[in-house]
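Residues per chain are reported as follows:
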Amino acid sequence: MAWSLRKGTREDIPALLTLNKELAVSQGFEEGVVKVQEEDLLRDGFGDTKYFHLLIAEWQKEFEGDSPTVKPEVIGYGLYFTSYSGTGGRMVYIEDIYVKEEHRKKGIGNAFMKRAAEAANELKCHKLGWSCLDDNTEALTFYYHLGAKILDHFTRMRIEREGIKKLLSNPVQLSPGVKVRFGVREDVPAVYTLMKELAVANGDTLTVSEAELVQDGFTDPKYFYLVVAEKTLEGDSGSSGHEIIGFSMYFFTYSTWEGPMIYMEDLYVKEEDTENSIRTALMKKIAELAEETNCCRIAWNRRKDNRKALKFYESLEAIPLPHWKKMNLDKSAIADLLAQDKATEFSTV
């Protein structure tokens with residue numbers, strides 16, 4: 001008997017949905033938390049707008065003599081998509097890796113990770129990211145072995161469909177001369193300046209360049225989108241100009257349980273937004289898009305030490321998910337994984 005890994009096809013969708021429900025049960029949920037149907041997965045993975053890439057693990061039984069050939073059994077899947085970091089640029093994000101329990105510790109999880117790492121390498125991504133439940137010690141051991149880093153200073157947060165509707169129903173009063181709109185290419189220099197301010201405030205290093213932002217956000221394929229807050233400036237001679245005073249970076253991702261979603265990578269406004277009206281307006285603009293595109297939620301990560309942000313998000317009734325650990329492999333760890341000798345592979349997944 002032997003297992004193999006391949007790209008997923010439309011024909012794998014029924015098996016994917018079955019394994020998806022198994023994963024939910026293994027994490028202590030009811031099957032009913034999986035809201036997507038086969039037609040949703042077909043549309044979102046193989047339609048005009050592709051939200052995810054699918055990998056399939058198969059198990060082939062061997063027969064002797066005149067025994068009939070049996071169709072390989074689908075025993076696991078990996079699902080990933082591109083994402084973006086406001087400090088480093090392009091990333092690949094792994095939404096799920098799941099292997100049936102009886103087929104674990106055979107190197108399949110390791111093979112899934114290597115395929116995702118290959119995709120990250122091909123796309124010139126700086127990191128490979130994912131999240132893991134803090135009580136999944138078996139998976140955590142596996143990821144530690146690969147050289148994964150845990151970003152313990154972040155807490156996952158999200159607003160579900162009902163929260164999105166509530167946000168949209170609340171009026172936001174902006175100061176005269178301030179408006180919120182979707183970003184355009186010409187906004188990149190001003191947004192890049194704000195990104196540098198944000199990086200300094202958070203103690204981060206900004207490694208993505210202004211030219212990369214133009215390429216990744218305003219040429220195809222697009223890795224991210226912008227919403228900006230713009231303020232009109234009146235000059236002494238009566239002339240006027242405009243200043244970008246805040247921005248949010250976002251992109252579309254996918255939940256294998258509920259479908260398309262929006263991930264908000266950054267939300268930053270200059271300090272004069274004491275009433276959070278601009279921040280709320282920026283999020284409301286993203287909420288409008290989420291509603292228009294039938295996304296199941298808006299998600300983001302909040303720095304644990306940012307109490308001001310916590311208070312703001314609580315006012316929007318955002319839901320914290322403290323039991324999820326944010327993890328990643330940097331460029332060096334990706335290279336190590338790709339160079340790994342197959343004979344030394346280790347996997348508990």
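Just above sits the structure.
Values in this document were obtained by computation on a predicted structure and should not be read as measured data.

A. Local environment of the pairing of strand 7 (residues 154–160). Sheet analysis places strand 7 next to strand 12 (residues 297–303), joined by seven bridges and oriented antiparallel. Within strand 12, the position partnered with Glu160 by the bridge is Arg297. Looking at chain direction, strand 7 and strand 13 (residues 319–321) are connected through three bridges and run antiparallel. Bridge pairing links Arg158 to Ile319 in strand 13.

B. Seen up close, the nonpolar core. Ile94, Phe112, Met113, Leu128, Trp130, Tyr143 and Leu329 are the most contacted members of the largest nonpolar core, which totals 33 residues. Those elements that place two or more of their residues in this core are strand 2 (53–60), strand 3 (73–85), strand 4 (89–99), helix 3 (108–122), strand 5 (127–133), helix 4 (137–145), strand 14 (324–330) and helix 10 (331–338). Element by element, the count of residues in this core is highest for helix 3, at eight residues. Non-local contacts of Ile94, meaning those with residues more than four positions away in its chain, are made with Leu79, Tyr80, Met113, Ala116, Leu128, Gly129 and Trp130. Counting residues in each nonpolar core, the second largest holds 31 residues, with Val227, Tyr250, Ala290 and Ile298 among its members.

C. Molecular detail of the packing of aromatic side chains. In this structure the tally under the stated criterion is 16 aromatic pairs. Consider the rings of Phe52 and Tyr254, whose centres lie 4.9 Å apart with planes at 45 degrees: the pair is tilted. Highlighted residues: Phe52 in the loop between helix 2 (38–46) and strand 2 and Tyr254 in strand 10 (residues 240–255), separated in sequence by 202 residues. Of the two residues, Phe52 and Tyr254, neither departs from the other in class, the shared state being buried. Every member of this aromatic cluster is reached through a ring pair, and the members are Tyr51, Phe52, Tyr225, Tyr250, Phe252 and Tyr254. Note that Arg156 overlies the ring of Trp324, its terminal NZ or CZ placed 4.8 Å from the centroid.

D. Region of the structure containing helix 2. Of all the residues in helix 2, the buried ones are Asp40, Leu41, Asp44 and Gly45. Buried residues in helix 2, looked at end-on, bunch into an arc of 105 degrees, giving them a common side.

Rules of the game
- Residues numbered from 1 in each chain as written.
- Predicted model: local features only at pLDDT ≥ 70, side-chain atom pairs only at ≥ 80, totals over all residues.
- Heavy atoms only, no water.
- Pairing = 2+ DSSP bridges.
- Helix = DSSP H or I, 4+ residues; strand = E, 2+ residues; numbered from the N terminus.
- Core = buried A, V, L, I, M, F, W, Y, C linked by side-chain atoms within 4.5 Å.
- Buried < 20%, exposed > 50% of the residue type's maximum accessible area, 1.4 Å probe, protein only.
- Contact = heavy atoms within 4.5 Å.
- Phe/Tyr/Trp six-rings, centres within 6.5 Å; stacked < 30°, edge-to-face > 60°.
- Lys NZ or Arg CZ within 6 Å of the ring centre and 35° of its normal.
- Arc of directions from axis to C-beta.

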